[in-house]
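Chain and residue survey
Residue strings, one per chain:
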Amino acid sequence: MESSRPNKPNRRVLQSAETRSLIISTARILCLEHGFVPTTIERLARECGVAIQTIYNSVGNKTEILSRIIDQAASGEHAPASPLEFLADGLENSETPADIAVVLSSWFTGVNARMAPVHKVLSKAAAVDPAAATLQQARDSQRFDRYLAVPGLLRDRGGLQRNQSDEDVAALIWNTSHPQTYRFLVTERSWTAERYQSWCYTTLLTAFS
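Everything numeric in this text was worked out from a predicted model, so none of it was measured.

The rules behind each value
As a convention, each chain's residues are numbered from 1 in the sequence order in which they are written. Local features are withheld for residues below a pLDDT of 70 in this predicted model, meaning they are given only at 70 or higher, and side-chain atom pairs are given and counted only at 80 or more; totals for whole chains, interfaces and linings count all residues. Note: side-chain values were computed over all heavy atoms of the structure, leaving out hydrogens and water. Axis definition: a line fit to C-alpha positions, over the contact stretch in the case of helices; interaxial angles, taken between N-to-C directions, run 0 to 180 degrees. Numbering of helices and strands runs from the N terminus; a helix is a DSSP stretch of H or I covering at least four residues, while a strand is a stretch of E covering at least two. The sense of a crossing depends on the near helix, which, turned anticlockwise from the far helix by less than a right angle, makes the crossing left-handed and, turned clockwise, makes it right-handed. Residue contacts follow a heavy-atom distance rule, with two residues in contact if any of their heavy atoms lie within 4.5 Å. Residues are grouped as follows: nonpolar covers Ala, Val, Leu, Ile, Met, Phe, Trp, Tyr, Cys and Pro; charged covers Asp, Glu, Lys and Arg; every other residue, Gly included, is treated as polar. Here the term buried applies to any residue with accessible area under 20% of the maximum for its type, exposed to any over 50%, and partly exposed to those in between, with areas from a 1.4 Å probe on protein chains only. Under the rule applied, a polar contact is a pair of N or O atoms within 3.5 Å (in protein, one hydrogen donor and one hydrogen acceptor; residues adjacent in sequence only if both atoms are side-chain atoms). Stacked, edge-to-face and tilted labels apply to pairs of Phe, Tyr and Trp rings (six-membered ring for Trp) whose centres lie within 6.5 Å, assigned for plane angles under 30 degrees, over 60, and everything in between, in that order. Starting at the helix axis, one direction is taken to each C-beta atom, and the arc is that of these directions.

**Focus on the packing of helix α6 (residues 97-128) against helix α11 (residues 193-208)**
The N-to-C vectors of α6 and α11 enclose an angle of 145°; their axes lie 8 Å apart at closest approach. The crossing of α6 and α11 is right-handed. Note on element contacts: α11 touches α6 through Ala 193, Tyr 196, Gln 197, Cys 200, Tyr 201, Leu 204, Leu 205 and Phe 208, opposite Pro 97, Ala 98, Ile 100, Ala 101, Val 102, Leu 104, Ser 105, Ser 106, Phe 108, Thr 109 and Asn 112. Per-class residue counts for the contact of α6 with α11 are 14 nonpolar, five polar and no charged.

What follows is the structure, encoded as structure tokens:
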């Protein structure tokens, strides 16, 4: 008779996941404190107490590490699950364009609070490192492509009565939600998170009508 008890994760698999998490978390701290360029693989390995090759085997090169840092920041408490799963569920369960604006504005506020410092690291790295610049461009494109799914949801719920194009709607969402926009308004202009969220909601709802 087969046991119904779930299989326990392999100890080696658990150790590997723990090592990967340690590397990413430590790399995030180092990058935020010192920047991307000074955070070398050698320094990261020393801080983690692991061999240099372990860094490459567990996560990858510096650009891949930076990509993982971005993923970790975006996921927040849901890490290592993809944050997109939770956003998609919220959007699908929305009944009106106003509901979609609520989901997105709340999502942008939470994610950007975590992402803004990391995005600043990415922006500075992209200015001096070609691989980081490629990563930044890829991430921007991914975000834009992701928002191209929103216009269809809006039309299904009676939105976009002015026949806005998918590209126009995605561009407005992309610009409103960009971490740099959040960083400028909240960090440099001293907006509260509540004010930013309210601005996002109003901006999106106006465009979604």
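**Brief notes about the side chain of Ser 105**
Its location among the elements puts Ser 105 in helix α6. We classify Ser 105 as buried; its relative accessible area is 2%. Of the polar contacts made by the side chain of Ser 105, one reaches the backbone oxygen of Ala 101; its length is 2.8 Å. Not counting residues within four places of it along the chain, the set of residues in contact with Ser 105 comprises Gln 197, Cys 200, Tyr 201 and Leu 204.

**Some words on the packing of aromatic side chains**
Applying the stated rule across the entire model yields four aromatic pairs. Between Phe 108 and Tyr 147 the ring centres are 6.0 Å apart and the planes differ by 75°, which places this aromatic pair in the edge-to-face class. Pair noted here: Phe 108 is in helix α6 and Tyr 147 is in helix α7 (residues 130-147), with a separation of 39 residues, a long-range link. Each member of the pair, Phe 108 as well as Tyr 147, carries the same accessibility label: buried. With a centroid separation of 4.9 Å and an interplanar angle of 85°, the aromatic rings of Tyr 182 and Tyr 196 are classed as edge-to-face. Residue Tyr 182 is located in helix α10 (residues 179-188), and its partner Tyr 196 is located in helix α11; the two are separated by 14 residues in the primary sequence.

**Quick word on the side chain of His 178**
Its place among the elements puts His 178 in the loop between α9 (166-177) and α10. What His 178 contacts, discounting residues up to four positions off in sequence, is Asn 112, His 119, Asp 140 and Arg 143.

**Observations regarding the packing of helix α4 (residues 62-75) against α7**
The geometry of α4 relative to α7 is characterised by a closest axis approach of 10 Å and an angle of 35° between their N-to-C directions. For the element pair α4 and α7, the recorded crossing hand is right-handed. From α4, Thr 63, Leu 66, Ser 67, Ile 70 and Asp 71 reach across to α7, where they touch Ala 131, Ala 132, Leu 135 and Arg 139.

**Brief notes about helix α2 (residues 41-48)**
Within α2 the residues assigned to the buried category are Ile 41, Leu 44, Ala 45 and Cys 48. Take α2 and look down its axis: the buried residues cluster within an arc of 100°, on one side only. Backbone geometry just downstream of α2 places Gly 49 in the positive-phi region, at approximately 75°.

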